[in-house]
Amino acid sequence: SSGINAEYGGPETGVPRTVIRLNQVAITDLKITIPRGCKTKKVRQELLKAEIPAKFAKSSLARKAAAKAATANLGDFERFQSRVAKTLRNRKIRSTVKKMKKSS
């Protein structure tokens, strides 16, 4: 049904147009108005005119995706360093909370 599907494509990123389910899409406030059945060239023009790629790059969704990609590219030792840093940070937080509970 057309109520659960949407046409998806990224002319700036090289993603070809395809039909995708709406529950697989993260909806944002970024929006362009295009006529029904328009060509990829028109979509690209409207995206650039509305500065959508730049606005999306500033969004929290883009930052989360970049962080996830950076985490996925970590090596063994970098993962280990990250885990040790997290442990130390949590230990410091735990001791601070313990002191606060004791004082109150």
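The rules behind these values
- Residues numbered from 1 in each chain as written.
- Predicted model: local features only at pLDDT ≥ 70, side-chain atom pairs only at ≥ 80, totals over all residues.
- Heavy atoms only, no water.
- Helix = DSSP H or I, 4+ residues; strand = E, 2+ residues; numbered from the N terminus.
- Rg over C-alpha atoms; globule rule 2.2 N^0.38 Å.
- Buried < 20%, exposed > 50% of the residue type's maximum accessible area, 1.4 Å probe, protein only.
- Contact = heavy atoms within 4.5 Å.
- Areas by Shrake-Rupley, 256 points an atom, 1.4 Å probe, with all protein chains shown as cover.
- Lys, Arg positive; Asp, Glu negative; His and termini not counted.
- Charge placed at Lys NZ, Arg CZ, Asp CG, Glu CD.
- Polar contact = N/O pair within 3.5 Å; in protein donor to acceptor, adjacent residues only side chain to side chain.
- Arc of directions from axis to C-beta.
- Pairing = 2+ DSSP bridges.
- Patch = residues over 30% accessible without salt bridge, like charges linked within 9 Å, V, L, I, M, F, W, Y side chains within 5 Å.
- Salt bridge = Lys/Arg side-chain N within 4 Å of Asp/Glu carboxyl O.

**Student:** How would you sum up the overall build of the chain? Please name residues and give values.
**Tutor:** Along the chain, the regular secondary structure elements total four helices and two strands. Reading the helices (α) and strands (β) of the chain from amino to carboxyl end gives β-β-α-α-α-α. Computed over its C-alpha atoms, the radius of gyration of the chain comes to 22 Å, more than 25% above the 13 Å expected for a compact globule of 104 residues. Viewed in the frame of its principal axes, the chain has a C-alpha envelope of about 65 × 35 × 30 Å. In the chain, which comprises 104 residues, the proportion classed as buried is 10%. Restricting to contacts in the chain with at least 6 residues of sequence separation, those with at least 24 account for 24%. Accessible surface, the chain as shown: approximately 9200 Å² in total, 57% of it carbon and sulfur. Taken together, the 25 basic and 7 acidic charged side chains of the chain have centroids lying 12 Å from each other.

**Student:** I'd like to hear about the environment of Thr87, residue by residue, with values.
**Tutor:** You can see Thr87 is positioned in helix H4 (residues 76-103). From its side chain, Thr87 meets the backbone oxygen of Arg83 in a polar contact 2.8 Å long.

**Student:** For the side chain of Ser59, give the residues involved together with the corresponding values.
**Tutor:** Residue placement: Ser59 occurs in the loop between helix H2 (52-58) and helix H3 (60-72). Here the side chain of Ser59 touches Phe56 through a polar contact of 2.7 Å, landing on its backbone oxygen.

**Student:** Before we move on, could you go through helix H1 (residues 40-49) and cite the residues and values that matter?
**Tutor:** For H1, every residue scored as buried is listed here: Val43, Glu46 and Leu47. The buried side chains of H1 occupy one side of the element, clustering within an arc of 100 degrees when seen end-on. Pointing more than 90 degrees away from the buried face of H1 are the exposed residues Lys41 and Lys49. Residues of H1 that are buried sit in contact with strand E2 (15-21) and H2. A positive backbone phi angle near 55 degrees is found at Glu51, which sits one or two residues after H1.

**Student:** Can you lay out the pairing of strand E1 (residues 5-10) for me, pointing to particular residues and giving the numbers?
**Tutor:** For E1 and E2, the ladder comprises five bridges, and the chain directions are antiparallel. Residue pairing in the sheet places Asn5 in a bridge with Arg21 of E2. Here E1 hands over to E2 after four residues, with Gly14 in that stretch at a positive phi of 85 degrees.

**Student:** Explain a positive patch on the surface residue by residue, including any values.
**Tutor:** A cluster of basic residues, Arg91, Arg94, Lys98 and Lys102, forms a positive patch at the surface. Tracing the backbone through its elements, the reader meets Lys102 in helix H4.

**Student:** Provide a residue-level description of the environment of Arg21, including the pertinent values.
**Tutor:** With respect to the helices and strands, Arg21 occurs in strand E2. Look at Arg21 and you get partly exposed, because its relative accessible area is 41%. When the C-alpha atoms of Arg21 and Tyr8 are compared, they prove to be 9.3 Å apart, with 13 residues separating the residues in sequence. With residues up to four places along the chain from it excluded, the contact list for Arg21 reads Ile4 and Asn5.

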